[in-house]
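Inside the fold
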Amino acid sequence: MSELYYPKDLIDKYRDVLVGHDDWYESVYEHFKEMMSAIGIRVANIYFTGFWSQGDGACFEGRVEDWGKYLLHLGYDNLILHQAAEDSWSFSWAHRGRYYHEQCVTYDDELWRPANPFDEEKAPLQYDTWANTLGVFDLLQLAEEMKENLRGHMRSLYRTLEEEYDHLTSDETVSAWMQDNYIELTELEI
C-alpha cells in the first residue's frame, strides 16, 4: 500500500466521486455479458443492490441461446443431447419481487423428451443410441442443475460488482483521482 498524498478527511469528502453516477458498473456488466455469451447464455437485464444490507445481491434475466455451448459448460458433451436441446428446448428466467439476488428469479423451462426420430426396425443402432441417451436422461435433474449453475453466476456477478465498488472507493483510487483532477489540499475545511 502506497502512502497517500491527501489526508483521510479530504479523501472521505470525495469518496463516492467515482461511483456517484449510474454507469460505474457498465464495464462489469459488459464483461459479464461477454462471459455468459461464451457459454451460450444471452443476458437481457442485470439488477443489483449493494453492498451493506441483508437482501443485497445481483441477478440477471436471460435465456439459453446456444445449447451446445451451455451443455458443454455444464459438462454434457453428448451430441444427441445437444441436438435434442437445439431442436426443442427452451429455458429462460426473469426477475421477480423487490429484491435483486439469485433467489429472486423465476424460471420458464421447457425441457421435454422428443419422440425418438429413428425407426426401430430400419435404424436399430440409431434408435438404441437415441433411446439410451435421451430415453433415460433425467430432465428434472438437468433443470435443477441449470438453475443452480445460474445462481452461481449471479453470486459471482455480485462479488465482482462489490470488488469494483470497493476498488473505486478505496483510498488509493480516490487519492489518484484527486491528483489527476488537481484537487488542492486547501479544499479541506477544518
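This text goes with the structure placed above it.
A brief report on the enclosed structure follows. All chains use their own residue numbering, which begins from 1 and follows the written sequence. For this predicted model, a pLDDT threshold of at least 70 governs which residues receive local features, and a threshold of 80 or more governs which side-chain atom pairs are given and counted, while totals over whole chains, interfaces and linings are taken from all residues. Note that the side-chain values use all heavy atoms of the structure and ignore hydrogens as well as water.

Glancing now at the nonpolar core. Ile41 and Phe60 are the most contacted members of the largest nonpolar core, which has 46 residues in total. Put simply, DSSP H or I for four residues or longer makes a helix, DSSP E for two residues or longer makes a strand, and each gets a number counted from the N terminus. Every element with two or more residues in this core is listed here: α2 (26-38), β1 (41-49), β2 (57-64), α3 (67-74), α4 (79-88), β3 (90-95), β4 (105-110) and α6 (139-168). Residue contributions to this core peak at eleven residues, all from α6. We call two residues in contact whenever any of their non-hydrogen atoms come within 4.5 Å of each other. With residues near it in sequence (within four places) discarded, Ile41 still touches Met36, Phe60, Arg63, Val64, Tyr70, Trp93 and Leu150. The nonpolar core is taken to be a set of buried Ala, Val, Leu, Ile, Met, Phe, Trp, Tyr and Cys residues, with the residues joined through side-chain atoms within 4.5 Å. Relative accessible area decides the class of each residue, using a 1.4 Å probe on protein chains only: under 20% of the type maximum gives buried, over 50% gives exposed, and in between gives partly exposed.

This part is about the sheet that holds β1. Note on pairing: two strands pair once DSSP finds at least 2 bridges between them. Read across the open sheet, the four strands follow the order β1-β2-β3-β4; overall the sheet is antiparallel. In the strand order of this sheet, the two ends are held by β1 and β4, each with one partner. Each adjacent strand pair in this sheet contributes to an overall mean axis angle of 20°, direction not counted. As judged from the two bridges shared by β2 and β3, these two strands associate in the antiparallel manner. Looking at β3, one finds that Arg63 is bridged to Ser92. Between N-to-C directions, angles span 0 to 180 degrees; the directions come from axes that are lines fitted to C-alpha atoms, helices contributing only their stretch in contact.

Salt-bridge detection follows one rule: a side-chain nitrogen of Lys or Arg within 4 Å of a carboxyl oxygen of Asp or Glu. The tally for this structure, following the rule as stated, stands at nine salt bridges. Between Arg155 and Glu102 there is a salt bridge, with its nearest N and O atoms 3.8 Å apart. On the criterion of sequence distance, the pair formed by Arg155 in helix α6 and Glu102 in the loop between β3 and β4 is long-range, its members being 53 residues apart. Between Glu144 and Lys147 there is a salt bridge, with its nearest N and O atoms 3.4 Å apart. Of this pair, Glu144 and Lys147 both sit in helix α6, separated by three residues, roughly a single helical turn. The class for Glu144 is partly exposed, based on a relative accessible area of 45%. One network of salt bridges, with partners in common, ties together Lys8, Asp12, Arg15 and Asp171.

Turning our eyes to something else, we now look at the packing of α3 against α4. Running from N to C, α3 and α4 cross one another at 135°; their axes reach a closest spacing of 9 Å. Here α3 lies oblique to α4, going by the angle between them. In this structure, α3 crosses over α4, and the sense of that crossing is right-handed. Along the contact surface, α3 presents Trp67, Gly68, Leu71 and Leu72, while α4 presents Leu81, His82, Ala85 and Glu86. Lys, Arg, Asp and Glu make up the charged group, whereas Ala, Val, Leu, Ile, Met, Phe, Trp, Tyr, Cys and Pro make up the nonpolar group; the residues left over, Gly among them, are polar. Across the contact of α3 with α4, the residue classes break down as five nonpolar, two polar and one charged. Geometric relationships in this document are graded by angle, where less than 35 degrees denotes roughly parallel, more than 145 denotes roughly antiparallel, 65 to 115 denotes roughly perpendicular, and other angles denote oblique. Crossing handedness is defined as follows: a turn of the near helix away from the far one that is anticlockwise and smaller than a right angle gives a left-handed crossing, while the clockwise case is right-handed.

In this section: a negative patch on the surface. Two distance rules govern patches: like charges are joined within 9 Å, and nonpolar side chains (Val, Leu, Ile, Met, Phe, Trp, Tyr) within 5 Å, applied only to residues with over 30% relative accessible area and no salt bridge. Only the protein chains shown count as cover for residues, and all accessible areas are computed by the Shrake-Rupley method using a 1.4 Å probe. Neither His nor the chain ends is counted toward charge; the positive residues are Lys and Arg and the negative residues Asp and Glu. By convention, charge coordinates are those of NZ in Lys, CZ in Arg, CG in Asp, or CD in Glu. On the surface, Asp22, Asp23, Glu26, Glu30 and Glu34 cluster together into a negatively charged patch. Position of Glu34 among the secondary structure elements: in helix α2.

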